[in-house]
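Observations on the three-dimensional arrangement
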Amino acid sequence: MKKTIRRRGLLAAGAALAIAPVAARAQAKLAPPTIIKAGTLVMSINPTLPPLQFVDDKGQLQGMRVELANEICKRLGLTPEYIRTEFATMIPGLAARRWDMINTGIFFTEERSKLMYMVPYEQAAISFLAAKGNPLGLKTVEDLAGKKISVELGGIEERRTREVAKMAQDKGLKPITVMTFNNFAEAFQALRAGQSDAATSIDATAMFMQQRGDFTRAISGVFPQTACFAFANRTLADAVVGALNDLKKDGFYDKLLDQYGVLKMDGSTFAISGPGPT
């Protein structure tokens, strides 16, 4: 499913604003102040992770997470609007009501679940990409000792990379250098340019990059995690849960995730996970 995305200028922070002109096919089920803009669900996204969220050669947003969110909006009678921004801005921006929802596959943690209403919808693990052909012969996380690893700043991928670095340190292995970048595109470019020896991403993205011939997915399936949508408003979170459950019942959810090779959530229903803001 392709949705035309139209750039609407730049935010002060340099993030691009895009609106998907998807006609609302039902009466809007939510209104301000539950959402920040009448008739619209405003979402933050960092479109640097193909095939889940990326910009195609025509400048249009594509990917599983975009298609899923667009269908949720359709069920809620809302028009999707995307603000393209770096991950590090997303949680503060949600708290400041710059957007209604984080749609970038944010991983669940207990700490985050106390700041936002988190709705798990996808399972993912971490991979380490190597240069094409894996010339360094990376096979296990221990092989990363003494290497430079590039990763996006602020996400669970950085946290897990630092955990691997600590594991190497605790075992008395050569230190791992963690190189952080504003987004995954920059982290991948560092690997492509030989500035790093490996790059961290989620499994689906690593597989996509390997199939495209960019890199080799050297190490995969590390630190299985749950990816979520995140909200500041409980009413909105509950409405999205309802839409997801409808998409599960009619088969859209299963078909979409199977199409992209993404692991589905266990169980038959979706729900908010964690306590939410206090």
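Each remark here, short or long, concerns the structure printed above.
Let us look at the structure shown here. (Residues numbered from 1 in each chain as written. Predicted model: local features only at pLDDT ≥ 70, side-chain atom pairs only at ≥ 80, totals over all residues. Heavy atoms only, no water.)

Quick look at the pattern of salt bridges now. Per the stated rule, a full pass over the model turns up 14 salt bridges. With its nearest N and O atoms 2.9 Å apart, the salt bridge here joins Glu 122 to Arg 65. You can see Glu 122 sitting in strand β9 (residues 117–131) and its partner Arg 65 sitting in helix α1 (residues 64–76), a full 57 residues away along the chain. In this structure Glu 122 comes out as buried when scored by relative accessible area, which is 1%. Of the charged contacts in the structure, one is a salt bridge between Arg 217 and Asp 203, with a shortest N-O distance of 4.0 Å. Remark: Asp 203 occurs in helix α6 (residues 203–211) and Arg 217 occurs in strand β13 (residues 215–231); sequence separation between them is 14 residues. Salt bridges sharing partners connect three or more residues here, namely Glu 71, Arg 75 and Asp 250. (Salt bridge = Lys/Arg side-chain N within 4 Å of Asp/Glu carboxyl O. Helix = DSSP H or I, 4+ residues; strand = E, 2+ residues; numbered from the N terminus. Buried < 20%, exposed > 50% of the residue type's maximum accessible area, 1.4 Å probe, protein only.)

The full count for this structure, using the stated rule, is five aromatic pairs. Taken together, a centroid distance of 6.4 Å and an interplanar angle of 35° make the contact between Phe 54 and Phe 208 tilted. Note that Phe 54 is positioned in strand β5 (residues 53–55) and Phe 208 in helix α6, a separation of 154 residues in sequence. Given a relative accessible area of 23%, Phe 208 falls into the partly exposed group. An angle of 10° between the planes, with centres 4.0 Å apart, marks the rings of Tyr 121 and Phe 229 as stacked. Separated by 108 residues along the polypeptide, Tyr 121 in strand β9 and Phe 229 in strand β13 bring together distant segments of the chain. (Phe/Tyr/Trp six-rings, centres within 6.5 Å; stacked < 30°, edge-to-face > 60°.)

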